Amino acid sequence: MTKRLFCKGLALLLFLLAGGLFTIAQTVEPAALTCEYLTNPLGIDISHPRLSWQVQSKQRNQFQSAYELEIRADNHWNNGSGLLWTSGKVESSESLHIDYKGPALNSFTRYYWRVRIYDLEGRPSNWSLPAWFETALLSPDDWTAAWISDGKPLPTRDEDFYEPDPMPLFRTVFKTSKKIASARLYITGLGYYEAYLNGKKVGDHELDPGWTRYDKEILYSVFDVSSQLKQGANTVGIMVGNGWFNVWPMRMWGRFNLREALVSGRPMVKAQLRILYKDGSVETIHTDRNWQMKTGPVIRNSVYRGEEFDARAIPEGWLTSTGTLPGWTNAREVDGPGGVLKAQLIPPIRVTRRIQPQSITEVSPGVYLADMGQNFAGMVRIRVKGTAGTTIILRYGEDRLPDGNINVMTAVTGQIKSGNGGPGAPPIAWQEDRYTLSGKGVEEWQPRFTFHGFRYVEIRGWPGKPRPEDIIGLRMNSDVQPAGSFVSSNSMFNRLDTITDWTFRSNMFSVQSDCPGREKFGYGGDIVATAESFLYRYDMANFYRKAISDFRNDQCSHGGIPETAPFVGIADKGVCEHSGPIGWQLAYPYMIRQLYDFYGDKAPMEELYETVVKQVALLQQTAIDGLHFLDISDHESLDTKPEALSASVFYLHHVDLLASFAQILGKPDDAGKYSEMAGALRERIRARFHVTGSGRFDLATQAAQIFAFYYKLVPEQEKELAWNQLLAEFRRNREHLSTGIFSTKMLFDVLREMNQNECAYTIANQRDYPGWGHMIEKGATTLWETWAYSDNVYSQNHPMFGSVSEWFYRSLLGINSLDAGFRKIQIKPQPAGDLKSAKGHYESVRGRIGVEWRKKADSFEMEVDIPSNTEAEIWIPASSAARITESGKSLLMTEGIRVIREEAGYVVLRAGGGSYQFLVKPS
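Residues numbered from 1 in each chain as written. Predicted model: local features only at pLDDT ≥ 70, side-chain atom pairs only at ≥ 80, totals over all residues. Heavy atoms only, no water.

Peer 1: Could you give me a rundown of the sheet that holds strand S6 (residues 110-118), with the residues and numbers involved?
Peer 2: Within a sheet, adjacent strands bond to each other through the backbone by hydrogen bonds, running parallel or antiparallel. Taken together, the four strands give an open sheet; going across it, the order is S4-S3-S6-S7, and neighbouring strands pair in antiparallel fashion. Looking at which strands have only one partner, the edges of the open sheet turn out to be strand S4 (83-86) and strand S7 (131-134). Pairs of neighbouring strands in the sheet enclose a mean axial angle of 25°, with direction left out of account. (Pairing = 2+ DSSP bridges. Helix = DSSP H or I, 4+ residues; strand = E, 2+ residues; numbered from the N terminus. Axes fitted to C-alpha atoms, helices over the stretch in contact; angles between N-to-C directions.)

Peer 1: I'd like to hear about the pairing of strand S21 (residues 306-310), residue by residue, with values.
Peer 2: Judged by how many residues are buried, S21 sits mostly within the fold: four of five residues are covered. Direction of pairing for strand S20 (residues 298-302) relative to S21: antiparallel, over a ladder of four bridges. Residue pairing across strands places Ser302 opposite Gly306, the latter belonging to S21. Where S20 folds back onto S21 in an antiparallel hairpin, the turn is made up of three residues. Here S21 runs beside strand S31 (residues 431-436); their pairing, made up of three bridges, is parallel. Each residue of the ladder has a partner; that of Asp310, found in S31, is Thr436. (Buried < 20%, exposed > 50% of the residue type's maximum accessible area, 1.4 Å probe, protein only.)

Peer 1: Kindly report on the side chain of Glu873, identifying the contributing residues and their values.
Peer 2: Within the fold, Glu873 resides in strand S42 (residues 860-877). It is Arg901 that comes nearest to the buried, bridge-free Glu873 among opposite-charge side chains, at 4.0 Å. If near-sequence neighbours (up to four positions away) are discounted, Glu873 is found in contact with Leu818, Ile825, Gln826, Ile827, Ile900, Arg901, Val908, Leu909 and Arg910. (Lys, Arg positive; Asp, Glu negative; His and termini not counted. Salt bridge = Lys/Arg side-chain N within 4 Å of Asp/Glu carboxyl O. Contact = heavy atoms within 4.5 Å.)

Peer 1: Describe in detail the pairing of strand S27 (residues 367-384), supporting the description with residues and values.
Peer 2: Of all 18 residues that make up S27, 16 are buried, and the element is covered over most of its length. Sheet topology note: the strand S26 (residues 359-364)/S27 ladder contains five bridges and is antiparallel. Of the residues in S27, the one forming a bridge with Ser359 is Asp371. Here S26 folds back onto S27, and the loop between the two strands holds two residues, one of which, Gly366, carries a positive phi near 80°. Sheet topology note: the S27/strand S34 (residues 471-478) ladder contains five bridges and is antiparallel. Bridging from a neighbouring strand, Arg381 pairs with Ile472 of S34.

Peer 1: Outline the pattern of salt bridges, supporting the account with residue identities and numerical values.
Peer 2: As a working rule, side chains carrying opposite charge can pair if their charged atoms are close by. Inspection of every chain in the model, using the stated rule, returns 67 salt bridges. Between Arg537 and Asp501 there is a salt bridge, and its shortest N-O distance comes to 4.0 Å. Taken together, the residues Arg537 in helix H3 (residues 524-537) and Asp501 in helix H2 (residues 491-506) connect sequence positions 36 residues apart. Accessibility expressed as a relative area gives 6% for Arg537, which makes it buried. Put simply, Arg854 and Glu863 hold a salt bridge, and the shortest N to O gap is 3.1 Å. Residue classification places Glu863 among the partly exposed residues on the basis of a relative accessible area of 31%. By sharing partners, the salt bridges in this structure join Glu532, Lys745, Asp749, Arg752, Glu753, Glu806 and Arg810 into a single network.

Peer 1: Which residues make up the nonpolar core, and what are the values?
Peer 2: Trp244, Tyr544 and Phe918 are the most contacted members of the largest nonpolar core, which has 234 residues in total. No other element matches the twelve residues that helix H8 (residues 643-664) contributes to this core. The residues touching Tyr544, leaving out its near neighbours within four places in the chain, are Gln512, Ile527, Ala531, Phe534, Leu535, Met591 and Leu595. Counting 25 residues, the second-largest nonpolar core is a separate cluster that includes Phe174, Phe223, Val236 and Ile285. (Core = buried A, V, L, I, M, F, W, Y, C linked by side-chain atoms within 4.5 Å.)

Peer 1: Help me get a handle on helix H6 (residues 587-599), residues and values and all.
Peer 2: Given a rise of 1.5 Å per residue, 13 residues ought to cover 18 Å, and the 17 Å separating the end C-alpha atoms of H6 matches this to within 8%. With respect to burial, H6 is a largely interior element, eleven of its 13 residues being buried. Every buried residue of H6 is listed here: Ala587, Tyr588, Pro589, Tyr590, Met591, Ile592, Gln594, Leu595, Tyr596, Phe598 and Tyr599. Positive phi appears at Gly600, one or two residues downstream of H6, with a value of about 65°. (Expected span 1.5 Å × (residues − 1).)

Peer 1: I'd love a proper account of the environment of Asp639, names of residues and values included.
Peer 2: Counting through the fold element by element, Asp639 comes out in the loop between helix H7 (603-621) and H8. In the structure, Asp639 is positioned 65 residues away from Ala704 in sequence and 9.9 Å away in space, judged by C-alpha atoms. Engagement of the side chain of Asp639 in a polar contact is seen with the side chain of Ser738, the distance being 2.5 Å. (Polar contact = N/O pair within 3.5 Å; in protein donor to acceptor, adjacent residues only side chain to side chain.)

Peer 1: How would you summarise the sheet that holds strand S5 (residues 98-99) if you had to cite specific residues and measurements?
Peer 2: Read from one edge of the open sheet, three strands run S1-S2-S5, paired in antiparallel fashion. Looking at strand neighbours, the two that pair on one side only are strand S1 (29-35) and S5, the edges of this open sheet. In the sheet, strand S2 (residues 50-56) pairs with S5 via two bridges, with the strands oriented antiparallel. Along S5, the bridge assignment pairs Arg50 with Asp99.

Peer 1: Give a detailed account of unusual backbone geometry, specifying residues and quantitative values.
Peer 2: Look at the link from Leu190 to Gly191: it is a cis peptide, with omega at -10°. Position of Gly191 among the secondary structure elements: in the loop between strand S10 (180-190) and strand S11 (192-197). The omega angle of the peptide bond from Tyr769 to Pro770 is -10°, so this bond is cis rather than trans. Tracing the backbone shows Pro770 in the loop between helix H13 (757-764) and helix H14 (772-777). Here the phi dihedral of Lys520 falls at roughly 70°; this positive angle occurs in a residue that is not glycine. On the secondary structure map, Lys520 appears in the loop between H2 and H3.

Peer 1: Can you break down the side chain of Arg266 residue by residue, with the values?
Peer 2: Assignment of secondary structure puts Arg266 in the loop between strand S16 (256-257) and strand S17 (268-277). At a separation of 2.7 Å, a polar atom in the side chain of Arg266 contacts the side chain of Asp165.

Peer 1: Which residues make up the confidence of the model for the chain, and what values do they have?
Peer 2: Looking at the chain, the pLDDT average stands at 95 and 97% of residues meet or exceed 70. Note that pLDDT drops below 50 for residues 1-24; the model gives that stretch five contacts with residues more than four away or on any other chain. (pLDDT = per-residue confidence, 0-100.)

Peer 1: Outline the state of the cysteines, supporting the account with residue identities and numerical values.
Peer 2: Applying the stated criterion across every chain, the model contains zero disulfides. Residue Cys576 stays outside any disulfide, its sulfur separated by 3.4 Å from that of Cys556, the closest cysteine. Residue class for Cys576 comes out buried when judged on its relative accessible area of 16%. (Disulfide = S-S within 2.5 Å.)

Peer 1: I'd love a proper account of the packing of helix H12 (residues 741-753) against H13, names of residues and values included.
Peer 2: With their axes 8 Å apart at the nearest point, H12 and H13 run at an angle of 150° to one another. Judged on the interaxial angle alone, H13 and H12 are roughly antiparallel. Two secondary-structure elements touch here, H12 through Leu747, Phe748 and Leu751 and H13 through Asn757, Cys759, Ala760, Ile763 and Ala764. Its residues placed into classes, the contact of H12 with H13 shows seven nonpolar, one polar and no charged. (Parallel < 35°, antiparallel > 145°, perpendicular 65-115°, else oblique. Nonpolar A, V, L, I, M, F, W, Y, C, P; charged D, E, K, R; others polar.)

Here it is, written out as structure tokens:
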């Protein structure tokens, strides 16, 4: 009897195992599946998308030895005949950017995929839960929609651009009679659009599409509108605004007319609604001349100046009526600007925080000032009731004047403050919105086609007295997902971390800008200074892919890269027409390298390698005696800027990057050529700027000495002399910095690599001028453009000095990458000063890296989380391994951890993925 029961039990177990209904505990499993960095993307137009996942395990030191992918066009995994492509078992530890290599994909199709992975023993995991991606329009021929506009000609005189110019509305009505399976809206508009279906806004995007050079590339979004459709009659309505496609001809700084640089035209829209019915049939509704149009309530709109809206001009029923409306005429089919239509993968701009005013004060009769308590970028939503025709004026500023009134001057468009804006331009180009009431009950309104940078809102014309609940601040930004966190025992650093977050988010509106009010441009120099700070804080993969594309789209025929992308006409101290200064050009190859370092992504490097070759060739051709001498240099440095030195070292940086690209891409001849070129260039720079035997470089300022260390110009025998010179400069400035846009970032890199974090901490922790503590003491809620407070000229919401954020992660937490995409990780915290603890994490593309340390009177505690399928080099501040325990056991007795060496006051360990708790006991 017992034998029969055993045999039956064994047979049942074998049956369950064979059927996959029962599995033995797995050592590894795939998680966080993404396609082109996105989780279940609704619309991609990449013919061979790349798939990625993370490796997870509850055990330490686990690695992936192989993987297997399966893709199908349905979600029926038990049906073997429906399999579209399988990779087969691939012996590889790679889990990032695996190319789809199956048959050609079809447009408008959802594909499902799953992966299983194998551990070091060759044991397979369970299959992952299926993920999916949906294709959009893979071919230009898939577009049946036409561009439509109102056909109105653009003004011939500059001054006429400022006259009332009601924006067109577009609508169409269609009927559905069959049961709907799904519906997708593919839509773009220039400059901005807002779409409605049956009276409700489509999606939650703001200021779509992202800004690009429109004759090269135009982004479109994809929305699932299945739930908004109904059987019978449906109404689609679309509003358009000027955005960056029809900017006003204001002369910024009295010089730059953006219309002369940007691709411009009358606002237009292109949209295609694809309905899939349950019987398998498809119907497409698209923009064409049969759509109806009429002028709408947006009377004026400027991405800088603001929006004027007259609610009395909203056509009755235009979003909901299914009949013909009086006064509507046929739309005009027009030619678009010619750019390739591409699915928008960059995170859309969304409302990411709602802010109530801290106070509303009547500063003079009928004039109120709302203090939002925080400088930010976005808009204001108002809720008001009043008489038809009443106009409310909202004016925005970052500051208050001494008398309590609003100060608009730090955010005035392009320093247009004294009638220098050109014909018809306002004498002072402040930010302002106007809303005229319809008189129909309680009205809610927010601008649609502009955004502002502000803390204070001046309110005029309000019927009665505005209450805090009547005003809501809408913080907006490209909705990048958080990737990092930081907190420490230093409350000033914690406040600075918060301020930096507000500043960075204020400057992500599809481009990484320098300020959200005055300029809004994607300056390359600001990107170079802060890219790594942004990368530690947010998932920037698709944002920076788009930024790289922007710079590529505006690369000039000679190879030069613009100062801003999209190019707006500013080319200060560039090496050829339309190119930027060398430090600003550096953003292009710099971002390409950062995508590789942070995400292990070398596709941009492969695709754009020849464009960087062309760029470096231009720099070589335009050099004088092998060097460059013109550059904006270390913008906002307090010392004299080392212009010639910075121009030459930024040239060197380009060559170094190109040599590394060649090495990574397996181009040994090019790698040798550019490495040799970089070596020769270093020698020229030393010969020109190094004072032999003194350790001094060029002006020997903080910036000059930092450049010398950062670019490895200091001869080995003079490192102590050069360091002493830098220390002398710190002392001369009372242990404060005097650095600008670039050398502030490089300062912390240099001090980290030299194990001089005590010096870095002293500088960062200063509470008086110049420094971050001074900004905080003066009440800053975002970072300033300058170390000194400015109430007129300089922006109070400027990201470049946010480069200190990188130091929080790289030095205080000690999280650094030793290999592409954090395949190998260094954990090397550098406790300094009176700091007692620090805690944070970075969500790398391979998984979460966490660090928490606490410094006590007689011990040091550190907890570390390392993702599976990676290897870490962990540096523990201790004099010997014998003093260290891990999870209560002697380090020397802990399996899976290897002591590598003792160096510079650290014990260096090697460990794989897992969670570790270290304790350093007193000697």
